[in-house]
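Residue-level structural notes
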Amino acid sequence: MQKALKAIVKVGETMGADRLIQVNHVHVSGISYYNIGEAGYKFIELLYNSKVRTVVYSTLNPLGMDIEKWKEMKIHEEFANKQLRIVQMLLEMGFERSFTCTPYILRPPARKEHLAWAESSAVGMANTYYGAYTNREAGPLALFSSLVGRTYYAGLHIEENRRPNVKVILNELERWFAIDKGIASSIGYVIGEKISDAIPLIPLKYKPSFEVIKAYTAAAAATGSIALTYIENITPDFSKYNHETLERIEIDKKEIEKIMEDREVDISKIDVIFIGCPHATVEEILDFLNDVKDCRKLKIKVIVSTSSFVYSYLENNGLIPKLIRLGVDIIKDTCPIVSPAFYSKYKRIATYSGKALFYLPRQQNQPTSLISSERMWGYICEK
Ligand code: F3S
């Protein structure tokens, strides 16, 4: 615990912090054995053997496999044993059995609540949607915070550092941003590339859904290091700031079409559609089921990744057999980006997630196309 505290203090000092603060919820990434490998495994084992325990509500990111379906996923036994041992050690240390990148579904953060969260997509949601305060922590540092219940008082924990500094004008994209997860994702993708670590502010006439914000924040955090965006009608403190004096950037339709077209959105070349980066919510899955309700079957295979929490809801409401009948593969506790089961597996994956568009080619050598969530069902439905 002393070492954990020292590491937090050291990072805090570099960030200019003058003290530590208490946090109510820690979220730890870097749990998939595929991502952390032997070094990460040994690090967790070292902590486990020194008998440290969490002192605050602490959740965990996805694993490299579905705990129940790993054989079906054709995961190598040696990998599975390592992954299961990681799970066992972390659960004994007091972590919640969450295995999701959407910890806000399990415990929605309160406005202005201080958190220590790793997982950039969740950090974006905490700051942007809930108005909570968290930096974008590294996985091991978040793990240390779970053992001491503290983080350093710097960065986005300080009100003064949370001022927006770039106003993003969406012009004719405003309406699409509010309703289409694919378009919101590509806007996040472009903003992340253009302004990297700024704090953007987006004026908006419409109110986007929770899932749209989830898609946007994940993409902006993947191509850039954006951890907070002020979105009109969404972010609690939006009206607090005068945005007339901010530097302006404009994003137009052509830039968005380029992201989609550059990656050859030709549905005949696509063999899988992936939903659930970040992990799909109940509403997202219900929306999908509603969109395909008149389809006899799906022309393209669909993979959905979600949390066990959402999975249980679907199970209790009789929706799993319905999804299976349609030919949907639903996996929980993991996702196609952090699992070895998806390396180079498909010709081309289509998704409305900008984060998946960024990571699938890099991490899984998987050609990927970004598609509109509103038009998606039209591509795949056989009547
Ligand atoms: Fe979650 Fe995997 Fe995407 S961990 S944010 S579904 S890359």
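Scroll up to find the structure.
Heads up: these notes are all about the structure in this document.

Reading guide: rules and limits
Residues numbered from 1 in each chain as written. Predicted model: local features only at pLDDT ≥ 70, side-chain atom pairs only at ≥ 80, totals over all residues. Heavy atoms only, no water. Helix = DSSP H or I, 4+ residues; strand = E, 2+ residues; numbered from the N terminus. Rg over C-alpha atoms; globule rule 2.2 N^0.38 Å. Buried < 20%, exposed > 50% of the residue type's maximum accessible area, 1.4 Å probe, protein only. Contact = heavy atoms within 4.5 Å. Areas by Shrake-Rupley, 256 points an atom, 1.4 Å probe, with all protein chains shown as cover. Lys, Arg positive; Asp, Glu negative; His and termini not counted. Charge placed at Lys NZ, Arg CZ, Asp CG, Glu CD. Salt bridge = Lys/Arg side-chain N within 4 Å of Asp/Glu carboxyl O. Pairing = 2+ DSSP bridges. Disulfide = S-S within 2.5 Å. Axes fitted to C-alpha atoms, helices over the stretch in contact; angles between N-to-C directions. Near = heavy atom within 4 Å. Nonpolar A, V, L, I, M, F, W, Y, C, P; charged D, E, K, R; others polar. Phe/Tyr/Trp six-rings, centres within 6.5 Å; stacked < 30°, edge-to-face > 60°. Polar contact = N/O pair within 3.5 Å; in protein donor to acceptor, adjacent residues only side chain to side chain. Expected span 1.5 Å × (residues − 1). Arc of directions from axis to C-beta.

So, about the overall build of the protein chain. On a plain count of helices and strands, the protein chain comes out with 15 helices and 16 strands. Relative to the compact-globule value of 21 Å for 383 residues, the protein chain shows a C-alpha radius of gyration of 20 Å, a close match. Dimensions of the protein chain along its principal axes, counting C-alpha atoms only, are 60 × 60 × 35 Å. Buried positions account for 60% of the 383 residues belonging to the protein chain. Of the contacts made within the protein chain by residues no fewer than 6 positions apart, 78% connect residues no fewer than 24 positions apart. Within the structure as shown, the protein chain displays about 16100 Å² of accessible surface, and the carbon and sulfur contribution to it stands at 49%. When the 49 basic and 45 acidic side-chain charges of the protein chain are each reduced to a single mean position, those positions are 3 Å apart.

A side chain of one charge can pair with a side chain of the opposite charge if their charged atoms are brought near each other. Considering all chains together, one arrives at 20 salt bridges under this definition. With its nearest N and O atoms 3.8 Å apart, the salt bridge here joins Arg248 to Glu250. Through salt bridges with shared partners, one network takes in Arg111, Lys112, Glu159, Asp237 and Lys240.

With parallel pairing, 4 strands are arranged side by side in an open sheet as 8-7-6-9. The open sheet has two free edges, formed respectively by strand 8 (230-231) and strand 9 (247-250), since each of these has just one partner strand. Across 2 bridges, the pairing between strand 6 (residues 166-169) and strand 7 (residues 200-202) is parallel. Of the residues in strand 7, the one forming a bridge with Val166 is Pro200.

Once that is clear, we can look at the state of the cysteines. All told, the structure shown has 1 disulfide when counted by the stated rule. At a sulfur-sulfur separation of 1.9 Å, the disulfide partner of Cys295 is Cys381. With the S-S bond torsion at -120 degrees, the cross-link from Cys295 to Cys381 turns out left-handed. Here Cys381 lies in strand 16 (residues 381-382) and Cys295 lies in the loop between helix 11 (282-291) and strand 11 (297-298), a separation of 86 residues in the sequence. There is no split in this pair, since Cys295 and Cys381 are both buried.

Attention now moves to the sheet that holds strand 14 (residues 349-351). The 5 strands lie next to each other as 13-12-10-14-15, forming an open sheet whose pairing is parallel. Sheet topology places strand 13 (328-332) and strand 15 (368-370) at the edges, where each strand pairs with a single neighbour. When the angles between neighbouring strand axes are averaged without regard to direction, this sheet yields 25 degrees. Pairing between strand 14 and strand 15: 3 bridges, direction parallel. In the sheet register, Ile349 faces strand 15, and the bridge partner there is Thr368. Across the sheet, helix 11 lies against strand 10 (272-280), strand 12 (301-306) and strand 13, angled at about 155 degrees from strand 10, the strand it touches most. In this fold helix 14 (residues 354-364) packs onto strand 10, strand 14 and strand 15, with an angle of close to 165 degrees to the strand it touches most, strand 15.

A few words on the site of the ligand. In the vicinity of the ligand, the residues found are Pro62, Cys101, Glu119, Ser121, Gly276, Cys277, Pro278, Cys335, Ile337 and Lys355. The biggest single contributor to the shell around the ligand is strand 10, with 3 residues. Class assignment for the residues of the shell around the ligand results in 6 nonpolar, 2 polar and 2 charged.

Moving on: the packing of aromatic side chains. Per the stated rule, a full pass over the model turns up 11 aromatic pairs. Measuring from ring centre to ring centre gives 6.0 Å for Tyr104 and Tyr130, while their planes differ by 45 degrees; the resulting arrangement is tilted. Remark: Tyr130 occurs in the loop between helix 5 (120-128) and helix 6 (139-148) and Tyr104 occurs in helix 4 (residues 103-106); sequence separation between them is 26 residues. Overall, the relative accessible area of 14% leaves Tyr130 in the buried class. Ring plane angle 65 degrees and centroid distance 5.9 Å describe the contact between Tyr104 and Phe210, whose orientation is recorded as edge-to-face. Placement of Tyr104 in helix 4 and of Phe210 in helix 9 (residues 210-223) is noted, with a sequence separation of 106 residues between them. Like Phe210, Tyr104 is buried.

With that settled, the discussion passes to the side chain of Thr54. Considering the arrangement of structural elements, one finds Thr54 in the loop between helix 2 (33-49) and strand 3 (57-60). Of note is the side chain of Thr54, whose polar atom sits 3.3 Å from the backbone oxygen of Gly94. With residues up to four places along the chain from it excluded, the contact list for Thr54 reads Met93, Gly94, Phe95, Ser146 and Leu147.

Now for helix 14. For helix 14, every residue scored as buried is listed here: Gly354, Lys355, Ala356, Leu357, Phe358, Leu360 and Gln364. The residue sitting at the N-terminus of helix 14 and contributing the capping side-chain oxygen is Ser353; that oxygen lies 3.3 Å from the backbone nitrogen of Lys355. One or two residues past the end of helix 14 sits Asn365, with phi positive at roughly 50 degrees.

Further remarks concern helix 1 (residues 2-14). Across its 13 residues, helix 1 extends 18 Å between first and last C-alpha, which sits within 8% of the 18 Å expected from 1.5 Å per residue. Within the span of helix 1, buried status applies to Ala4, Ile8 and Gly12. Viewed along the axis of helix 1, the buried residues span an arc of 70 degrees, placing them on a single side of the element. Relative to its buried face, helix 1 has exposed residues pointing more than 90 degrees away, namely Gln2, Lys3, Lys6, Lys10, Glu13 and Thr14. Just beyond helix 1, the residue with positive phi is Gly16, at close to 85 degrees.

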